[in-house]
Structures are given as C-alpha cells and as structure tokens.
Amino acid sequence: MTLSRKIADALDESTRVIAPPYTTEVHDGPDRVRLEIAALDSVGVALDALEYAALDRRDWTPQALNAWGERLSARLTYLLEPVGILESDAGAGLVLLRSREPSRRGDVRGYYEIWLGRDGVCRVERVTFDEVKRLRSPARCHFTREVVERLADDIAASSR
C-alpha cells in the first residue's frame, strides 16, 4: 500500500470517529508522514503542518539536501503558489523552500514554507505576513484530500 492510500484510509477513518484538532501518522516502509489536522471533511483538510521523514536516511549532506529541494520544487507545480529554494544553510543542515510569488489579500501575504533537514525530515507549513503590522503568523494549509495524498507521495519520491 502506498503513502497516499494509507493517508486516504486514515482520513476516511478519522472523518467518521475523530474530531479535530489531532495528529495522525502513517508509515510505508522507511517513509513516515505526520499530519497535524486542524479541520477535516469529506472534501478537504486544513493542516497546521505536514511532516515527512525518510527514516532510512538520517544524515543528509548539504548537497543531498539541495538536490532534494530541487527535485521537490520541480514536482510541486500544483500548489497555490510554485515553490523554490530560498536559502541553504550547510552548517545548520537546513534548506528552505518558499513560495516564489506569495498570495496577496489586502496587506497580508500568504506563502508556503518547506523545511528540509539533514535528519531526513521535510516539514510543510503556511505562513502569513501582515505588511502593515509587520507581523509574521502561522496559517493553515487548505488542501483537498487528493492534494494531501499527492503531496505525501511527491515528497517521498523526491527524497530518493
């Protein structure tokens, strides 16, 4: 069974018996996906974060992280905004991907941040920035169920 199928099953089961917010995890071989679910219905999911871990690779080189970021940004063409590598910190073992052109609603910009760590963890979050208040805040990622499934599979595939 693939990550996407396991996620679909977990979301189907959760819709019937669990009231958000909650966290659920699925495993497929060396891959783990943790969903921090804020809201859920038969069509969509609001996530505080999606976290993927490649449990079989726990010490990524800076070059391997950058390559992962390039492969991942090439695959994630279906998100609200395309993402690309914003910065790499070889010393900290981190790569940050961010929306290339954030969405605007008045004075507030919204964008994805995707952190790749040398421990093989990828964390997808959404952030808003209020230009008037100069305030950065966490936001929810709103996805259809199918996008969550595809996102998990694409992160896993790009990590190889």
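Look up: the structure comes first, before these words.
Undergrad: Looking at this model, I keep getting lost on the layout of surface pockets. Mind explaining?
TA: Roughly 280 Å³ of volume is contained in the largest pocket. As for the largest pocket, its lining consists of 13 residues, of which L80, S103, R105, G110 and R126 are closest to the centre. Taken together, the elements giving at least two residues each to the lining of the largest pocket come down to strand 6 (103–105), strand 7 (108–117) and strand 8 (121–130). The element that contributes the greatest number of residues to the lining of the largest pocket is strand 7, accounting for four residues. Each residue belonging to the lining of the largest pocket can be placed in one class, and the counts come to four nonpolar, four polar and five charged.

Undergrad: I'm lost on the pairing of strand 9 (residues 135–139) in this one. Help?
TA: A regular strand carries its side chains on alternate faces of the sheet. Summarising the sheet, strand 8 and strand 9 pair through five bridges and their orientation is antiparallel. The residue bridging V127 from the neighbouring strand is P138, located in strand 9. What sits between strand 8 and strand 9 in their antiparallel hairpin is a turn of four residues, with R134 showing a positive phi close to 55°.

Undergrad: For this particular structure, what's the right way to read the side chain of E113?
TA: Among the structural elements, E113 can be located in strand 7. At 2.8 Å, the side chain of E113 forms a polar contact with the side chain of R136. Excluding anything up to four places from it in sequence, E113 contacts L96, L97, R98, R123, V124, E125, V127 and R136.

Undergrad: Quick question: what am I supposed to make of the packing of aromatic side chains here?
TA: As enumerated under the stated definition, the model contains three aromatic pairs in all. Ring centres of W60 and W68 lie 4.5 Å apart, and the angle between their planes is 25°; this geometry places the pair in the stacked category. Here W60 and W68 have matching classes, each one buried. A ring pair is formed by Y112 and F143, whose centres lie 6.1 Å apart and whose planes are at 10°; its orientation type is stacked. On the criterion of sequence distance, the pair formed by Y112 in strand 7 and F143 in strand 10 (residues 141–144) is long-range, its members being 31 residues apart. F143 shares its class with Y112; the two are buried.

Rules used in this analysis
- Every residue gets a number counted from 1 within its own chain, in the order that chain's sequence is written.
- With the structure being a predicted model, the display of local features is reserved for residues of pLDDT at least 70 and the display and counting of side-chain atom pairs for 80 or more, all residues being used for whole-chain, interface and lining totals.
- Only hydrogens and water are set aside; all other atoms, that is, all heavy atoms of the structure, feed into the side-chain values.
- A cavity here means a set of points on a 1 Å grid, drawn over the protein atoms and nothing else, where a 1.4 Å probe fits but cannot get out; a pocket is an open set with protein on both sides within 12 Å along at least five of seven lines, and a residue lines either one if it has an atom within 4 Å of a point.
- Grid points are joined across faces, edges and corners, and a volume is the space filled by probe spheres set on the points.
- Labels follow the DSSP assignment, with helices taken as runs of H or I lasting at least four residues and strands as runs of E lasting at least two, numbered in each case from the N terminus.
- Amino acid classes used here: Ala, Val, Leu, Ile, Met, Phe, Trp, Tyr, Cys and Pro are nonpolar; Asp, Glu, Lys and Arg are charged; the rest, including Gly, are polar.
- Criterion used throughout: strands pair if DSSP finds at least two bridges between them.
- Polar contacts, as counted here, are pairs of nitrogen or oxygen atoms within 3.5 Å of one another; within protein the pair requires one atom able to donate a hydrogen and one able to accept it, and residues that are adjacent in sequence qualify only if both atoms are side-chain atoms.
- Any two residues whose heavy atoms approach within 4.5 Å are treated as being in contact.
- Two aromatic rings, drawn from Phe, Tyr or Trp (for Trp, its six-membered ring), form a pair once their centres lie within 6.5 Å of each other, and the interplanar angle then sorts them: stacked below 30 degrees, edge-to-face above 60, tilted otherwise.
- We call a residue buried when its accessible area falls under 20% of the maximum for its residue type, exposed when it is over 50%, and partly exposed in between, using a 1.4 Å probe and counting protein chains only.

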